[in-house]
Amino acid sequence: MYARNRKKTKFDVVTNAEKLQDDITLYVMNEQLVPKKWRYMIGEDLIAKIDELNDNVIAANSIYATTEKDLETRKTYQQRAIINGYQIQRKLKRLIRCVPSATANSLEDIITLLETEISNIKGWRKNDKIVGR
């Protein structure tokens, strides 16, 4: 397909990272789901980690890989984002174990989106190439 015939689309990895960032922040800041006494210990760390994932996705996406070095740097940021995703999964499990009002059911949409994000980043990293090759 010619580039001129392609439709403009949002890049799912970036879009999902932003949605995850918003959803996790709103969840943690909801007093009924995460009481204030738990925010400092678990909530703030969770927000910081999703911010880090988002930063790594944006950094990877900002690199226009025209050399092996550029591609390597881009893949490093992609790998960091994948690691962040697994760290967030672990932190969400801790949230469910420790905070009675935070349940797997109430986090279902976030968990599904996170799993999709990790999978999409892995696919992006696997299929990434130097531009023009």
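Predicted model, so just to flag it, every value in this text is computed and none were measured.

A. View of the overall build of the protein chain. Scanning the protein chain from N- to C-terminus turns up four helices and zero strands. Along its sequence from the N terminus, the protein chain presents helices and strands in the succession α-α-α-α. Projecting the C-alpha coordinates of the protein chain onto the three principal axes gives extents of approximately 50 × 30 × 20 Å. The contacts of the protein chain with a sequence gap of at least 6 include a subset with a gap of at least 24, amounting to 75%. Summed over its atoms, the accessible surface of the protein chain is roughly 8600 Å², and 51% of this surface lies on carbon and sulfur atoms. Counting 24 positive and 18 negative side-chain charges, the protein chain places the averaged centre of each group 4 Å from the other.

B. Spatial organisation of the nonpolar core. Formed by 30 residues in total, the largest nonpolar core has its most connected members in Ile24, Tyr27, Val57, Ile88, Leu92 and Leu95. Breaking this core down by element, the ones donating at least two residues are helix H1 (12-28), helix H2 (36-62), helix H3 (68-98) and helix H4 (108-127).

C. Representation of a positive patch on the surface within the structure. Side chains of Arg90, Lys93, Arg94 and Arg97 sit close together on the surface and give a patch of like positive charge. Mapped onto the elements, Lys93 comes out in helix H3. Its relative accessible area of 54% is what places Lys93 among the exposed residues.

D. Highlighting the pattern of salt bridges. Summed over all chains, the structure comprises five salt bridges. Note that Asp23 is salt-bridged to Lys19, the shortest N-O span being 2.9 Å. In this pair, Asp23 and Lys19 are both assigned in helix H1, four residues apart and thus about one turn of the helix distant. Lys91 serves as the salt-bridge partner of Asp45, at 2.4 Å between the closest nitrogen and oxygen. Of this pair, Asp45 sits in helix H2 while Lys91 sits in helix H3, placing them 46 residues apart in sequence. In this structure Asp45 comes out as partly exposed when scored by relative accessible area, which is 32%. With relative accessibility at 11%, the residue Lys91 sits in the buried group.

The rules we used
- Residues numbered from 1 in each chain as written.
- Predicted model: local features only at pLDDT ≥ 70, side-chain atom pairs only at ≥ 80, totals over all residues.
- Heavy atoms only, no water.
- Helix = DSSP H or I, 4+ residues; strand = E, 2+ residues; numbered from the N terminus.
- Contact = heavy atoms within 4.5 Å.
- Areas by Shrake-Rupley, 256 points an atom, 1.4 Å probe, with all protein chains shown as cover.
- Lys, Arg positive; Asp, Glu negative; His and termini not counted.
- Charge placed at Lys NZ, Arg CZ, Asp CG, Glu CD.
- Core = buried A, V, L, I, M, F, W, Y, C linked by side-chain atoms within 4.5 Å.
- Buried < 20%, exposed > 50% of the residue type's maximum accessible area, 1.4 Å probe, protein only.
- Patch = residues over 30% accessible without salt bridge, like charges linked within 9 Å, V, L, I, M, F, W, Y side chains within 5 Å.
- Salt bridge = Lys/Arg side-chain N within 4 Å of Asp/Glu carboxyl O.

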